[in-house]
Amino acid sequence: MAVAGTSPTEVTVRRARTADVRSVRRLIETYSRDRILLNKPTVTLFEDIQEFWVAERDHDAEVVACGALHVMWEDLAEVRTLAVDPELKGAGVGHLLLEKLLQTARWIGVRRIFCLTFEVEFFSKHGFVEIGETPVDTDVYSELLRSPDEGVAEFLGLERVKPNTLGNSRMLLRL
């Protein structure tokens, strides 16, 4: 896929492999230092590798972006850990990756996509809108409370994760 502004201009978006975890870690650390992304233990990245897609530069096979799709419920998933090498921000790599995550969501039957982000303009371009309350009924809310996943706790707006979400916007896309 051609992406304007990259050098050279070809990237491939593909499923992540365990060998990509070190590159994903590097991308996360780039943004976690400024609290734009939450840092994750490396073991969690290995455990969640099947949720990740990466953008790999064709000429040198370097992973230059990553993103994950985490299913939360029958019709609900979250875009997580979407990160692009700062040198390629604005080149369209993030858009390609997000489109792949949305395509995956459609394929598995998810109809609502949630994200917690500082990048409101980026996600708005893909149809996400800011939301206030948690968009699930009380029965689903009760079930989600049972999840040990910190991202689910952030989605629910639980008090214990409030420091992680300060300044972020809650956004939702209906497919």
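Residues numbered from 1 in each chain as written. Predicted model: local features only at pLDDT ≥ 70, side-chain atom pairs only at ≥ 80, totals over all residues. Heavy atoms only, no water.

Caption draft 1: Representation of the sheet that holds strand E1 (residues 11–15) within the structure. Spatially, E1-E2-E3-E4-E5-E7-E6 is the arrangement adopted by the 7 strands of the open sheet, whose pairing is mixed. Because the sheet does not close on itself, it has two edges, and the strands there are E1 and strand E6 (129–130). With 6 bridges connecting them, strand E5 (residues 112–117) and strand E7 (residues 169–174) associate as antiparallel partners. Note on E7: the bridge partner recorded for Arg112 is Arg174. (Pairing = 2+ DSSP bridges. Helix = DSSP H or I, 4+ residues; strand = E, 2+ residues; numbered from the N terminus.)

Caption draft 2: Local environment of the packing of aromatic side chains. With the rule as written, the count across this model stands at 2 aromatic pairs. Residues Phe122 and Phe123 carry aromatic rings whose centres are separated by 5.1 Å and whose planes lie at 90° to one another, so their mutual orientation is edge-to-face. Across the pair, Phe123 and Phe122 agree in class, each one buried. Ring geometry for Phe123 and Phe128: centres 5.1 Å apart, planes at 80°, overall edge-to-face. Phe128 shares its class with Phe123; the two are buried. Members of the aromatic cluster, joined through ring pairs, are Phe122, Phe123 and Phe128. (Phe/Tyr/Trp six-rings, centres within 6.5 Å; stacked < 30°, edge-to-face > 60°. Buried < 20%, exposed > 50% of the residue type's maximum accessible area, 1.4 Å probe, protein only.)

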